Amino acid sequence: MSEMHPLVSPVAVATQRFKAASGEGAVFELKMRLCAGTIPSIEQLPIDTALGKLREAIVQHFQSRLSAAEQLLLEEACRIRNKLLHCEFSAFRERLDGLTSRSRDGGVMVLTGLDTSDPAAALAKFEQMLKGANVGQQAVASTKTKTLRDVFGWLTECCGAGEFEEASVTFQKACDMLEQLLGSQIPTP
């Protein structure tokens with residue numbers, strides 16, 4: 001008898017991918033702060049100094065060694081990290097477009113106006129949508145993350161579009177660049 005595999009929730013998958021990207025974002029922030037700590041003009045700044053301010057100082061200090069593309073990478077990595085960690089997923093997507101403009105659609109639809117007090121009617125509406133009928137659904141990609149209610153749809157939307165992996169790669173590239181700037185001064189995990 002074959003062993004049955006449990007169904008993996010799309011939210012569980014999206015959460016794991018968000019977790020991986022967030023971890024890479026945290027390492028990026030750590031390396032930015034380690035790098036800033038080696039610059040005499042800012043090494044005494046308080047630990048809670050905004051990452052954007054540190055990025056500006058790092059770019060100024062290493063300007064002769066950074067191309068315009070590398071400066072943009074640091075700028076966008078800071079912004080991507082901020083939007084990702086605050087679950088502002090539509091703005092997160094816009095920031096990703098600042099680095100790589102491409103078609104972005106995770107295929108997630110939102111169906112509003114469901115009468116949850118009548119499960120049979122709600123199920124019927126959902127089934128109609130699955131058959132291709134327009135019952136008031138809207139692509140999450142055409143909305144903005146404005147309220148807490150929007151987080152669920154956008155979490156799965158970004159996952160479906162591969163954007164958490166894209167963010168992870170962006171953070172890794174930025175970390176690699178910071179390591180190259182300082183050589184062995186930044187510890188490698």
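Below: a short report on this structure. Only a predicted model underlies this, so the values are computations on that prediction, with no experimental measurement involved. (Residues numbered from 1 in each chain as written. Predicted model: local features only at pLDDT ≥ 70, side-chain atom pairs only at ≥ 80, totals over all residues. Heavy atoms only, no water.)

1. Here's the deal with a nonpolar patch on the surface
- A contiguous nonpolar surface patch, about 300 Å² in accessible area, is contributed by Leu123, Phe126 and Leu130.
- If you trace the backbone, Leu123 turns up in helix 5 (residues 119-130). (Patch = residues over 30% accessible without salt bridge, like charges linked within 9 Å, V, L, I, M, F, W, Y side chains within 5 Å. Areas by Shrake-Rupley, 256 points an atom, 1.4 Å probe, with all protein chains shown as cover. Salt bridge = Lys/Arg side-chain N within 4 Å of Asp/Glu carboxyl O. Helix = DSSP H or I, 4+ residues; strand = E, 2+ residues; numbered from the N terminus.)

2. What to know about the nonpolar core
- Counting residues in each nonpolar core, the largest one holds 40 residues, and the members touching the most others are Phe28, Ile58, Leu74, Phe89, Phe92 and Phe164.
- Every element with two or more residues in this core is listed here: helix 1 (10-36), helix 2 (51-61), helix 3 (68-85), helix 4 (89-99), helix 6 (149-160) and helix 7 (163-182).
- With 9 residues, the top contributor of residues to this core is helix 7.
- Here Leu74 is in contact with Phe28, Met32, Arg55, Ile58, Val59, Leu66, Ala174, Met177 and Leu178, once residues within four sequence places are set aside. (Core = buried A, V, L, I, M, F, W, Y, C linked by side-chain atoms within 4.5 Å. Buried < 20%, exposed > 50% of the residue type's maximum accessible area, 1.4 Å probe, protein only. Contact = heavy atoms within 4.5 Å.)

3. Notes on the layout of surface pockets
- The volume enclosed by the largest pocket comes to roughly 420 Å³.
- Lining the largest pocket are 16 residues, with Val110, Val140, Arg149, Asp150 and Gly153 positioned closest to its centre.
- For the lining of the largest pocket, the secondary-structure elements that each account for two or more residues are strand 1 (109-111) and helix 6.
- Top contributing element to the lining of the largest pocket by residue count: helix 6, with 6 residues. (1 Å grid on protein atoms, 1.4 Å probe; cavity = no way out; pocket = protein on both sides within 12 Å on 5 of 7 lines; lining within 4 Å. Points joined across faces, edges and corners; volume = space filled by probe spheres on them.)

4. Description of the packing of aromatic side chains
- With the rule as written, the count across this model stands at 6 aromatic pairs.
- Taken together, a centroid distance of 5.9 Å and an interplanar angle of 85° make the contact between Phe18 and Phe89 edge-to-face. In this pair, Phe18 sits in helix 1 while Phe89 sits in helix 4, placing the two residues 71 residues apart along the sequence.
- Looking at Phe18, the relative accessible area reads 18%, which means it is buried.
- With a relative accessible area of 1%, Phe89 lands in the buried category.
- With a centroid separation of 6.5 Å and an interplanar angle of 75°, the aromatic rings of Phe89 and Phe92 are classed as edge-to-face. Pair noted here: Phe89 and Phe92 are both in helix 4, with a separation of 3 residues, about one helical turn.
- Here the aromatic cluster, defined as three or more aromatic residues joined through ring pairs, consists of Phe18, Phe89, Phe92 and Phe164. (Phe/Tyr/Trp six-rings, centres within 6.5 Å; stacked < 30°, edge-to-face > 60°.)

5. Here we look at the packing of helix 1 against helix 6
- Where helix 1 contacts helix 6, the two axes come as close as 9 Å, and the packing angle between them is 70°. Here helix 6 runs roughly perpendicular to helix 1, going by the angle between their axes. Together, Val11, Val13, Ala14, Thr15, Arg17 and Phe18 of helix 1 and Phe152, Leu155, Thr156 and Cys159 of helix 6 make up the contact between the two elements.
- Of the residues belonging to the contact of helix 1 with helix 6, the class tally is 7 nonpolar, 2 polar and 1 charged. (Axes fitted to C-alpha atoms, helices over the stretch in contact; angles between N-to-C directions. Parallel < 35°, antiparallel > 145°, perpendicular 65-115°, else oblique. Nonpolar A, V, L, I, M, F, W, Y, C, P; charged D, E, K, R; others polar.)

6. Concerning the pattern of salt bridges
- In this structure the tally under the stated criterion is 15 salt bridges.
- Close ionic contact of Arg33 with Glu29 constitutes a salt bridge, the shortest N to O distance being 2.9 Å. One end of the pair, Arg33, and the other, Glu29, are both in helix 1, 4 residues apart, so they sit about a helical turn from each other.
- The partly exposed category is assigned to Arg33, whose relative accessible area is 22%.
- Judged by relative accessible area, Glu29 falls into the buried class, the value being 18%.
- Here the salt bridges share partners, and the residues they tie into one network are Arg93, Asp97, Arg102, Arg104, Glu157, Glu163 and Glu166.

Bear in mind that shape data such as this cannot, by itself, settle questions of function.
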